[in-house]
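Here is what each chain is made of, one letter per residue.
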Amino acid sequence: MIKKIQVGLDFTTTPIGRFRKDSQYSGQVFREDYLVPALNDSTIEKVIVDLSGVEGYGSSFLEEAFGGLIRAGFDYGALGKRLEIVSSDSLFDRFVVYAKSYIDAAVKANVGNK
């Protein structure tokens, strides 16, 4: 089964902040309440996150939502197979690149910390 999460429809059109204390639409809320449950569901083979349909993203939201997956213990290789970050609107393509780069940066920062 494939699970598609459209941030602008399923979460909010105004994602903002890093932590729960910052906003009810923060990166931490998105990661913990949307991404992690989908990725932990063994019946879901692939999670597709569509970043379009929002007003925009701050780096703190994207870093916490996606880089935070590595800090939460998700394996980089497994994420590469199960998580797909996309945009159905070319205006949001740069955010796809940023989200993926935050995962890569978290892996590099986490080397030797396990």
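The text that follows walks through the structure, step by step, so that each part is easy to find. This is a predicted model, so every value here is computed, not measured.

Our focus in this paragraph is the overall build of the protein chain. Secondary structure summary: the protein chain contains five helices and three strands in total. At 13 Å, the protein chain has a C-alpha radius of gyration in line with the 13 Å of a compact globule built from 114 residues. Counting only C-alpha atoms, the protein chain reaches 35 × 30 × 25 Å along its principal axes. Put simply, the protein chain has 114 residues, and 44% of those count as buried.

A few words now on the packing of aromatic side chains. Inspection of the entire model under this criterion finds eleven aromatic pairs. On the basis of an interplanar angle of 20 degrees and a centroid distance of 5.7 Å, the ring pair of F30 and Y34 is categorised as stacked. Here Y34 and F30 lie together in helix α2 (residues 27–40), a separation of four residues that amounts to about one turn. Overall, Y34 belongs to the partly exposed group, its relative accessible area being 28%. A ring pair is formed by F30 and F61, whose centres lie 6.0 Å apart and whose planes are at 40 degrees; its orientation type is tilted. On the criterion of sequence distance, the pair formed by F30 in helix α2 and F61 in helix α3 (residues 59–71) is long-range, its members being 31 residues apart.

Before going further, it helps to spend a moment on the side chain of S23. Tracing the backbone through its elements, the reader meets S23 in the loop between α1 (7–11) and α2. Ignoring anything within four residues of it in the chain, the contact list for S23 reads I16 and V29.

What counts as what
- Residues numbered from 1 in each chain as written.
- Predicted model: local features only at pLDDT ≥ 70, side-chain atom pairs only at ≥ 80, totals over all residues.
- Heavy atoms only, no water.
- Helix = DSSP H or I, 4+ residues; strand = E, 2+ residues; numbered from the N terminus.
- Rg over C-alpha atoms; globule rule 2.2 N^0.38 Å.
- Buried < 20%, exposed > 50% of the residue type's maximum accessible area, 1.4 Å probe, protein only.
- Phe/Tyr/Trp six-rings, centres within 6.5 Å; stacked < 30°, edge-to-face > 60°.
- Contact = heavy atoms within 4.5 Å.

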